[in-house]
Amino acid sequence: MQRIFLFLFFTNFLFGNSPNFLFSVGLNTDINDYIFPVKIKPNYTSTFGEFRETHLHGGIDISTNHQTGLEVVATRSGYIEKISVSPNGYGKYISVRHEDGFTSFYAHLKKFTDKLDFDILNEQKRNNKYSVEINFSKNDYPVTQGEVIAFSGESGAGGPHLHFEIFDKKGNSINPLFFPKLRNVEDNIFPNFSALAVLPLSQDARIGHNITPQKYLAKRFSSNKFFITDTLHLGGETGFGVEIIDHIFGRDDRLTQYKLTFEIDNKEIVNIERPFHRPNEARQVSLYYEYDLVKEFHNRFQKLFVEKDLTIPFYTANNTSKGIISLNNFSDGFHNFIIKAEDYSGNVSTLNGVFLLTKFPALEIVEVDNDKIMIQIDSVKNVSSIETSFFIPDKKIWIKYLYQIKENNNSIFALPFKENNSSIRKIIAYAKDGSASYPFYSASDLVSNTNLKIEPILYRSNLFLKIISSSPLLQKPSLIIFYKNNSRPIKLYNLSANEFIGKVPHEINSPFEVKCYYQFNGFRIEKSFDIFVRKIEKNISNRFSSSDGGLEINLSQHTLQTEALFNIQNKPDKIYKIEHTAGVFNNGATVKYFLNQKEINNNKFALYSRNGGGWNFVTNEINFETNSFDHRNPRTINSYTILQDNELPIISNLKINPFYKDKSWLFQFSIDDKISGISSSSLDIVLDGKNIFPDYDTEKEKVLYFPLEKIKIGKHKISISVRDNVGNKISFSKTFKLIF
């Protein structure tokens with residue numbers, strides 16, 4: 001057989017100002033010698049490098065059309081290196097080592113071959129537990145290409161499908177769809193651009209009237225041509241992110257593309273492909289996708305710029321900008337951009353748009369009264385007009401007036417500013433290139449009973465403070481930070497007549513005190529707030545606590561992938577909510593939840609975490625050195641609390657198959673626990689006085705038993721004992737008769 005050596009080369013610009021280097025990987029394998037591993041028409045439900053909450057998807061998910069029990073075959077000849085069984089994660093999986101050192105991996109199986117199943121059963125008996133794994137030597141189980149090694153299922157996580165991966169001899173995850181016979185699917189559907197995100201990357205970044213990330217929906221003009229219809233006004237350093245949804249013909253699965261190309265003014269800036277990633281790089285999901293926006297916008301934006309801490313070899317940067325848009329990298333003025341997305345079948349779609357890179361005009365308010373407003377404009381020579389608007393509540397409309405600015409050296413202007421029946425007034429200065437200042441809003445009347453509150457907003461390494469007034473204000477309030485015996489004003493921008501936002505300088509770290517006050521014609525409102533947002537640098541160990549000392553976070557120097565912000569909020573009922581911009585952690589983090597003596601003495605308490613859904617059991621083991629529950633090495637963190645569980649587990653829907661035959665199921669039942677949950681090690685099932693190890697589907701909360709050893713006709717007794725994670729136990733026995 002002729003061997004084919006596929007060499008992939010990727011230029012990566014990494015680690016800030018360090019020089020680029022050429023990274024190369026040689027796939028020393030015959031890429032045409034890999035056949036499709038399931039006996040079914042090829043289709044996929046997930047592709048390589050897709051977003052997962054704690055990692056990048058490391059392989060492909062092959063559709064089995066909602067079926068289980070399909071034959072899974074060895075993609076190449078080799079030998080079975082490892083098999084494993086678990087109720088969670090990959091469920092039942094098998095790995096096959098090939099002659100050239102590459103490995104193929106098959107997961108979420110229903111069962112192995114009979115001989116392998118007996119090996120698993122014997123290992124379970126030796127260890128007296130369900131979850132086991134077995135490693136084999138080269139001569140134990142040789143297999144030939146196309147030989148049946150297992151049967152597809154839905155064990156572990158997810159519905160019926162086969163998860164399939166390829167590893168090289170170094171353990172790198174290789175994209176299976178780079179292998180011709182593994183991507184042979186029918187597909188004439190063009191990739192779909194869903195939205196574009198524009199992300200602020202510097203302290204002075206602006207996106208139109210905003211200093212926070214903005215989302216723009218893509219408009220489809222034909223089957224494969226999309227446009228951003230708004231001209232994007234950008235300042236400072238910004239970056240683009242794009243969400244793409246690809247479908248295969250006849251299916252609704254949301255896939256991602258094979259290749260992305262980002263061009264500005266017909267010059268390629270960044271090229272993205274996903275050939276492979278190294279063993280520890282799957283957690284860089286929060287560097288490749290804009291992780292902070294997943295929850296805010298519910299979109300999965302792939303970044304079109306190279307993060308300085310990213311090492312995953314997906315990017316080729318053909319420009320020194322590395323995809324970052326700024327006046328240091330591109331000239332001021334208008335620029336055309338185009339993003340090309342290509343799927344694995346060669347279907348190409350484009351997203352076109354225009355951005356204006358500029359220095360925005362600055363408008364400041366000098367004086368406000370009931371008849372006029374005095375304004376000052378920076379760089380007045382570049383300003384062409386000033387727009388004043390009045391909101392009429394009864395008609396719910398804005399009435400606008402436009403004042404043309406003649407060229408002169410006077411930067412201060414007096415504008416008539418009165419409109420009957422108006423509740424809110426607005427001013428915007430427009431530059432000659434069309435860019436606009438931040439708007440200034442003002443209420444028409446003084447309100448004496450307004451309330452002020454502050455909300456911290458965390459994004460990347462930026463801390464924003466949003467001020468909300470219960471009623472419109474005549475002018476912007478003032479915001480002052482008190483930090484290390486110093487005070488510093490924070491510039492505020494209008495979001496509306498009663499909402500304002502400012503950015504805390506990078507050099508200021510919390511905790512600090514914030515005072516917000518509003519003053520007009522002798523009327524003054526003042527509020528003070530304590531901010532406990534902490535900025536944690538990469539490669540530095542750190543330890544910090546909640547304001548009441550009840551929760552502590554310990555980070556090793558290797559935990560963070562990038563600089564991040566953390567904010568621990570104390571909630572009622574001893575709940576701690578942790579906001580952060582760290583994305584996914586490397587190992588080395590520990591969260592400590594400190595206990596009082598009553599909680600220590602009650603063994604029904606346990607630690608629980610929540611990340612957008614319900615509470616999930618973490619541990620009930622107490623660290624008596626610190627009197628705490630410790631969550632060690634979490635992938636990410638969100639909310640923590642302790643709960644007391646005194647409820648017994650529930651056993652229900654026991655079904656016996658009286659007509660049981662060889663290789664059919666003998667019994668099944670459901671188990672449930674409302675609070676702490678049940679693990680596979682908490683199941684003790686005895687059949688006729690011998691321990692057995694049925695399959696346990698933790699998602700469906702169902703136990704199903706397929707005997708490997710022959711069951712005789714006649715009476716039998718099954719005894720079931722279930723313990724939840726804090727030790728509440730229920731037992732059940734039943735005698736039944738087989739009549740086959």
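In short, a report on the structure. Small disclaimer: the values here were computed from a predicted structure and weren't measured. (Residues numbered from 1 in each chain as written. Predicted model: local features only at pLDDT ≥ 70, side-chain atom pairs only at ≥ 80, totals over all residues. Heavy atoms only, no water.)

**Considering the overall build of the protein chain**
In terms of regular secondary structure, the protein chain is built from 4 helices and 62 strands. Reported as C-alpha extents along the three principal axes, the dimensions of the protein chain are approximately 100 × 70 × 50 Å. The burial tally for the protein chain puts 54% of its 740 residues in the buried class. Considering only intrachain contacts with a sequence separation of at least 6, the fraction spanning at least 24 residues in the protein chain is 67%. When the accessible surface of the protein chain is split by element, carbon and sulfur atoms take 47% of a total near 33,600 Å². (Helix = DSSP H or I, 4+ residues; strand = E, 2+ residues; numbered from the N terminus. Buried < 20%, exposed > 50% of the residue type's maximum accessible area, 1.4 Å probe, protein only. Contact = heavy atoms within 4.5 Å. Areas by Shrake-Rupley, 256 points an atom, 1.4 Å probe, with all protein chains shown as cover.)

**Points about the nonpolar core**
Core analysis: the biggest nonpolar cluster contains 45 residues, and I80, I83, I94, Y106, F112 and I149 have the highest contact counts within it. Core analysis: the next-biggest nonpolar cluster, separate from the first, contains 44 residues, I228, I244, I264 and L310 among them. (Core = buried A, V, L, I, M, F, W, Y, C linked by side-chain atoms within 4.5 Å.)

**Observations concerning the packing of aromatic side chains**
Scanning the model with the defined rule gives 31 aromatic pairs in all. With centroids separated by 5.1 Å and ring planes inclined at 70 degrees, the aromatic side chains of F240 and F337 adopt a geometry described as edge-to-face. Within this pair, whereas F240 is found in strand β21 (residues 238–245), its partner F337 is found in strand β27 (residues 333–342), the two being separated by 97 residues in sequence. Of the two residues, F240 and F337, neither departs from the other in class, the shared state being buried. With a centroid separation of 5.9 Å and 70 degrees between ring planes, the pair formed by Y288 and Y315 is classed as edge-to-face. Taken together, the residues Y288 in helix α2 (residues 285–288) and Y315 in strand β26 (residues 315–317) connect sequence positions 27 residues apart. An aromatic cluster of three or more residues is present, and its members are F51, Y288, Y289, Y291, F314 and Y315. (Phe/Tyr/Trp six-rings, centres within 6.5 Å; stacked < 30°, edge-to-face > 60°.)

**A closer look at the environment of N88**
For N88, the position within the fold is in the loop between β6 (78–85) and β7 (93–98). For N88, a relative accessible area of 43% gives the class partly exposed. Separated by 10 residues in sequence, N88 and H98 place their C-alpha atoms 27 Å apart. Residues in contact with N88, not counting those within four places in the same chain, are G156 and T698.

**Let's talk about the pairing of strand β48 (residues 575–580)**
Note: strand β47 (residues 564–571) against β48, 6 bridges, orientation antiparallel. Within the sheet, the bridge partner assigned to Q569 lies in β48 and is K577. The turn joining β47 and β48, which pair antiparallel and follow one another in sequence, is formed by 3 residues; a positive phi near 65 degrees is taken by D573. Here β48 pairs with strand β54 (residues 639–644) via 2 bridges, running antiparallel. Residue pairing in the sheet places Y576 in a bridge with Y640 of β54. (Pairing = 2+ DSSP bridges.)

**Remarks on empty space enclosed by the protein**
This structure, assessed with the given rule, holds 2 cavities of 30 Å³ or more. What lines the largest cavity is Y44, T47, L177, V185, D187, D246, I248, L255, T256, D343, Y344 and S345. Here the lining of the largest cavity is built from residues that sort into 6 nonpolar, 3 polar and 3 charged. Put simply, the parts of the chain that give the lining of the second largest cavity at least two residues each are β37 (462–469) and β44 (534–536). (1 Å grid on protein atoms, 1.4 Å probe; cavity = no way out; pocket = protein on both sides within 12 Å on 5 of 7 lines; lining within 4 Å. Points joined across faces, edges and corners; volume = space filled by probe spheres on them. Nonpolar A, V, L, I, M, F, W, Y, C, P; charged D, E, K, R; others polar.)

**A few points about the sheet that holds β44**
An order of β44-β47-β48-β54-β50-β51 is seen for the 6 strands of this open sheet, with the pairing classed as antiparallel. Taken across any chain shown, the strands that pair with only one partner, and hence form the sheet edges, are β44 and β51 (616–619). Put simply, the sheet's adjacent strands are angled 35 degrees from each other on average, direction ignored. (Axes fitted to C-alpha atoms, helices over the stretch in contact; angles between N-to-C directions.)

**Side note on helix α1 (residues 114–127)**
The end-to-end C-alpha distance of α1, which contains 14 residues, comes to 20 Å, matching closely the 20 Å that a straight helix rising 1.5 Å per residue would cover. Those residues of α1 lying buried are L116, D117, I120, L121, E123 and Q124. Viewed end-on, α1 has its buried residues packed into an arc of 165 degrees, placing them on one side of the element. Residues of α1 that are exposed and point more than 90 degrees away from the buried face comprise K115 and R126. For α1, the elements touching its buried residues are β6, β7, β9 (109–112), β10 (132–135) and β12 (148–152). Just past α1, the residue N128 takes up positive phi, approximately 55 degrees. (Expected span 1.5 Å × (residues − 1). Arc of directions from axis to C-beta.)

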